[in-house]
Amino acid sequence: MKRILFGHPLSGNTHRVRLLLGMLNLPYEEIPVDIPAGEQKKPEYVAINPLGLVPVLIEGDQKIRDSHAILTYLARAYGGEQWLPSNPFQQATVAQWLSFSANEIHNSANLARLHFLLGVPVDLPVVQDRARSALHVVNQHLADREWLELDRPTIADLACFPYLGLVEEGKVSRAAYPNVNRWIDRIKALPGYVSMPGL
Ligand SMILES: N[C@@H](CCC(=O)N[C@@H](CS)C(=O)NCC(=O)O)C(=O)O
């Protein structure tokens, strides 16, 4: 069965999907979408994702948009109990970090990075402060644990990792967050880890 990932080489949203695909050892073809040229808003791509965003995963005749939804699908379809357990409470503890990634991290660390990478207009001090708040929350949470939930790597870790790992590209220092830094190193040491520029 053919598996295609529409993404962008510098996209952390795409990268969290690449990470799980690598860790699950699932073969796929990546089709780069030229975001600076606006290819994601052209009719051909909007027919694939009406939101005009990457990533999108196509697997056979199934199509999924949004990196967190894709992580959820891949984890349940191929990851057994490891990456997203079936127990409802445990599943919710993982899901709360997917939401944290999609909101608190996306609207802070990601926006600050996009400002320096692509000149996206943002209220820089505000988004940088929000990034520090997100780092603080994760740093506190990791004070007495190695992984975000369940004492093992799950899609919670893979969701939050890219933009916290790339946060310094938004000119926010990670120096004051040692638990986050050790957690980043642990993720980079996982079997199947793949890198991207900046990580
Ligand atoms: N919640 C979405 C966010 C996707 C997203 O913002 N993708 C960015 C690339 S990292 C994008 O496609 N930007 C193009 C644009 O805003 O036009 C996800 O997790 O997949």
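Residues numbered from 1 in each chain as written. Predicted model: local features only at pLDDT ≥ 70, side-chain atom pairs only at ≥ 80, totals over all residues. Heavy atoms only, no water.

We now examine the UniProt feature "domain: GST N-terminal" (unreviewed entry) in the chain. As recorded in UniProt, the feature "domain: GST N-terminal" (unreviewed entry) lies at residues 1–82. Along residues 1–82 the backbone is 34% helical and 21% strand, and the end-to-end C-alpha distance reaches 23 Å. (UniProt positions renumbered as here; feature names shortened; annotations may be inferred. Helix = DSSP H or I, 4+ residues; strand = E, 2+ residues; numbered from the N terminus.)

The UniProt feature table records "domain: GST C-terminal" (unreviewed entry) at residues 87–199. As a span, residues 87–199 carries 63% helix and 0% strand, and end to end its C-alpha atoms are 32 Å apart.

So, on to helix α3 (residues 67–78). The end-to-end C-alpha distance of α3 is 16 Å, a good match for the 16 Å that 12 residues give at a rise of 1.5 Å each. On its buried side, α3 packs onto α1 (12–23), β3 (56–59), β4 (62–65), α4 (88–118) and α6 (155–165). Capping the start of α3, Asp 66 holds a side-chain oxygen 2.8 Å from the backbone nitrogen of His 68, two or three residues further along. One or two positions beyond α3, positive phi appears at Gly 80, with a value near 60°. (Expected span 1.5 Å × (residues − 1). Contact = heavy atoms within 4.5 Å. Polar contact = N/O pair within 3.5 Å; in protein donor to acceptor, adjacent residues only side chain to side chain.)

A few words now on the pairing of β4. Along any regular strand, the residues point their side chains to alternate faces of the sheet. Pairing of β3 with β4 involves four bridges; the strand directions are antiparallel. Each bridged residue has a counterpart across the sheet, and for Ile 58 the counterpart in β4 is Lys 63. Counting the residues that bridge the hairpin from β3 to β4 gives two residues, and of these Gly 60 lies at a positive phi of roughly 60°. (Pairing = 2+ DSSP bridges.)

Turning our attention to unusual backbone geometry. Omega for the bond connecting Val 54 with Pro 55 falls within 30 degrees of zero, at 5°, which places this linkage in the cis form. Summarising the element assignment, Pro 55 is placed in the loop between α2 (43–46) and β3. Positive phi is not limited to glycine here, since Asp 66 has a value of about 85°. Structurally, Asp 66 can be placed in the loop between β4 and α3. Judged by its relative accessible area of 37%, Asp 66 falls in the partly exposed class. Of note, the phi angle at Leu 150 is positive, near 65°, even though the residue is not glycine. If you trace the backbone, Leu 150 turns up in the loop between α5 (124–141) and α6. (Buried < 20%, exposed > 50% of the residue type's maximum accessible area, 1.4 Å probe, protein only.)

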